Amino acid sequence: MTHPFLDLAPLGADRFAAIEDRVARLLSTEQDVVIMQGEALLPLEGAIRAAAGPGTTALNVITGPYGQTFGDWLRDCGATVIDLAVPFHTAVTAEQIRQAFAEHPEIDFVSLVHAEAATGNTNPVAEIGEVVRAHGALFYLDAVASVGAEPVLPDAWGVDLCVIGAQKAMGGPAGVSAVSVSERAWARMAANPKAPRRSYLSLLDWKERWIDGGRKALLHAPAQLEMLALEACVERIEAAGLDAVMARHAAAAATARAGAVALGGGLEPYVYEARDAAPVATTLRAPSQVVASEMVRRALEADPAVPLAAGGGALAKEMIRVNHYGADATPGAVRASLAALGVALSEQGLPVDVEAALRAVEGAWR
């Protein structure tokens, strides 16, 4: 018995390297790009453990839950960590980064999340990158949620370690991920005696055994189906045009905000300013008299296909996420989400205007 997912010809090193090259072009980078065989937490953790150690003083920017995780990893590595936390309904500014450097000139590592899909905000990486570059610190960026939804330009922004995943705006698989690595970052890793070696977390193993070897022999058997899915998703982006894909996500975010305001019922954007809102997903603040997770449950009963989720952890009480990314970055997905939320709100006795919300979506889509 055969199946299209089984009995495939082996994925050779040449094909693997070609997929890496296409990912590098997607990022407009001349840096080395390593595709790692796991979800994006693998290179996110691997890059921190490779580049940070007891001699590191890290500025860890917290604009959502992933920033909190990065701080934990950095401390576990023995780094001195200075947390810069801002409210989840806003974004960090370049001036706040500059002030942190002025107060702590010993900072030599900066960790930042570009877009926090969990909280719906996005940070001005281009402006922050200028400040980090002027200070001379190593710049680590989580661009997992932002890639495909907004520009991600490691070279232009001075990012030394840029991690991406395909499962959100790119509309691809979750089982593989990638990191671009600057020469400065490779040197920092090589000088770190605590950098993982002979480990699944090790980036240095990939450099020495894969990149320095001319990309002729893979470290281990590749995740074949996921690599082929990644190749297919990059092909789809290339065919549509990256600018068009990003424009679709920006339009989905704009219409979700406009539609939520028009819907009423006490629903409002969680991120206060549109300029701070991530194109990958829109977060909404539930009315004070209802629990967000219960609203999402009721909305999904009305339409199980809508891309809605409650916030994680404590945010489940107040936050609703409209996950309009990938295949759901469409006016239809936004309309359906707002209509389902309208049903949930009206069941709570709250006044809503679904028709006004749908008109707002049509008027805001560009």
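Within an unreviewed UniProt entry, the label attached to the protein chain reads Alanine--glyoxylate aminotransferase family protein, and the organism entered is Streptomyces indiaensis. Checking UniProt for the protein chain, the heading Sequence similarities (unreviewed entry) contains the comment "Belongs to the class-V pyridoxal-phosphate-dependent aminotransferase family." Annotation of the protein chain in UniProt includes, under Cofactor (unreviewed entry), the sentence "pyridoxal 5'-phosphate".

A. Summary view of the overall build of the protein chain. Within the protein chain, the secondary structure is distributed over 13 helices and 13 strands. A compact globule built from 366 residues should have a C-alpha radius of gyration of about 21 Å, and the protein chain, at 21 Å, falls within 12% of that. By principal-axis analysis of the C-alpha atoms, the protein chain measures approximately 65 × 65 × 30 Å. Looking at the protein chain as a whole, 55% of its 366 residues qualify as buried. Of the contacts formed within the protein chain by residues at least 6 apart in sequence, a portion of 70% connects residues at least 24 apart. Roughly 14800 Å² of accessible area belongs to the protein chain as shown, and the carbon and sulfur atoms make up 54% of that amount. Of the charged side chains in the protein chain, 29 are positive and 43 negative, and the gap between their average positions amounts to 1 Å.

B. Highlighting the nonpolar core. Counting residues in hydrophobic clusters, the biggest one holds 85 residues, and the most contacted among them are Ile97, Leu161 and Leu230. Sort the elements by how many residues they give to this core and helix H1 (residues 13–26) lands first, with 7 residues. With near-sequence residues (within four places) excluded, Leu230 lies in contact with Ile19, Val23, Ile35, Ala166, Met170, Pro173 and Val176. In terms of nonpolar packing, the next biggest core, distinct from the first, is built from 26 residues, Val290, Met295, Ala344 and Ala357 among them.

C. Fine view of the pattern of salt bridges. Evaluation of the coordinates by the stated rule reveals 22 salt bridges. Residue Asp160 is joined to Arg184 by a salt bridge in which the shortest nitrogen-to-oxygen separation is 2.8 Å. Taken together, the residues Asp160 in the loop between helix H6 (154–157) and strand E8 (161–165) and Arg184 in helix H7 (residues 183–190) connect sequence positions 24 residues apart. Owing to a relative accessible area of 5%, Asp160 belongs among the buried residues under this scheme. Salt-bridge contacts for Arg298 lead to Glu294; the nearest nitrogen and oxygen are separated by 3.1 Å. Highlighted residues: Arg298 and Glu294, both in helix H11 (residues 292–302), separated by 4 residues, approximately one helical turn.

D. Region of interest: the UniProt feature "domain: Aminotransferase class V" (unreviewed entry) in the protein chain. Here the UniProt feature "domain: Aminotransferase class V" (unreviewed entry) sits at residues 75–339. Here residues 75–339 runs as 39% helix and 16% strand, with 45 Å between its end C-alpha atoms.

E. Geometry of the layout of surface pockets. Put simply, the largest pocket is a space of about 210 Å³. Forming the boundary of the largest pocket are 16 residues, of which Tyr66, Ala117, Val144, Ala145 and Lys168 lie nearest the centre. Across the lining of the largest pocket, the residue classes break down as 10 nonpolar, 1 polar and 5 charged.

F. Looking closely at the packing of helix H10 (residues 242–263) against helix H12 (residues 331–347). For the pair H10 and H12, interaxial distance at closest approach is 10 Å and the crossing angle is 25°. One finds that H10 runs roughly parallel with respect to H12. Crossing geometry of H10 relative to H12 is assigned as right-handed. Between H10 and H12, the residues in contact are Ala252, Thr255, Ala256, Gly259, Ala260 and Leu263 and Val334, Leu338, Leu341, Gly342 and Leu345, respectively. Of the residues belonging to the contact of H10 with H12, the class tally is 8 nonpolar, 3 polar and no charged.

G. Expanded view of empty space enclosed by the protein. By the definition in use, this model includes 2 cavities of 30 Å³ or more. In this structure, the largest cavity encloses a volume near 40 Å³. Taken together, Val23, Ile164, Gly165, Ala166, Val176, Ser177, Ala178 and Leu230 form the lining of the largest cavity. Here the lining of the largest cavity is built from residues that sort into 6 nonpolar, 2 polar and no charged. Its volume calculated, the second largest cavity comes out at about 30 Å³. Taken together, Gly120, Arg257, Pro269, Tyr270, Val271, Ala277, Ala278, Ala281, Thr282 and Thr283 make up the full set of residues lining the second largest cavity. Here the residues of the lining of the second largest cavity are counted per class, giving 6 nonpolar, 3 polar and 1 charged.

H. Focus on the packing of aromatic side chains. As enumerated under the stated definition, the model contains 6 aromatic pairs in all. Summarising the aromatic geometry, the rings of Phe109 and Tyr140 are spaced 5.9 Å apart at their centres and angled 35° between planes, so their arrangement reads as tilted. Highlighted residues: Phe109 in strand E4 (residues 109–113) and Tyr140 in strand E7 (residues 138–142), separated in sequence by 31 residues. Here Phe109 matches Tyr140 in class, with each residue buried. Ring geometry for Trp206 versus Trp210: centroids 6.4 Å apart, planes at 90°, classification edge-to-face. Of this pair, Trp206 and Trp210 both sit in helix H8 (residues 203–211), separated by 4 residues, roughly a single helical turn. Across the pair, exposure class does not vary: Trp206 and Trp210 are buried alike. Pairwise contacts between aromatic rings join Phe70, Trp73, Phe109 and Tyr140 into one cluster.

Basis of the calculations
Residues numbered from 1 in each chain as written. Predicted model: local features only at pLDDT ≥ 70, side-chain atom pairs only at ≥ 80, totals over all residues. Heavy atoms only, no water. UniProt positions renumbered as here; feature names shortened; annotations may be inferred. Helix = DSSP H or I, 4+ residues; strand = E, 2+ residues; numbered from the N terminus. Rg over C-alpha atoms; globule rule 2.2 N^0.38 Å. Buried < 20%, exposed > 50% of the residue type's maximum accessible area, 1.4 Å probe, protein only. Contact = heavy atoms within 4.5 Å. Areas by Shrake-Rupley, 256 points an atom, 1.4 Å probe, with all protein chains shown as cover. Lys, Arg positive; Asp, Glu negative; His and termini not counted. Charge placed at Lys NZ, Arg CZ, Asp CG, Glu CD. Core = buried A, V, L, I, M, F, W, Y, C linked by side-chain atoms within 4.5 Å. Salt bridge = Lys/Arg side-chain N within 4 Å of Asp/Glu carboxyl O. 1 Å grid on protein atoms, 1.4 Å probe; cavity = no way out; pocket = protein on both sides within 12 Å on 5 of 7 lines; lining within 4 Å. Points joined across faces, edges and corners; volume = space filled by probe spheres on them. Nonpolar A, V, L, I, M, F, W, Y, C, P; charged D, E, K, R; others polar. Axes fitted to C-alpha atoms, helices over the stretch in contact; angles between N-to-C directions. Parallel < 35°, antiparallel > 145°, perpendicular 65-115°, else oblique. Left-handed = near helix turned anticlockwise from the far one by under 90°. Phe/Tyr/Trp six-rings, centres within 6.5 Å; stacked < 30°, edge-to-face > 60°.

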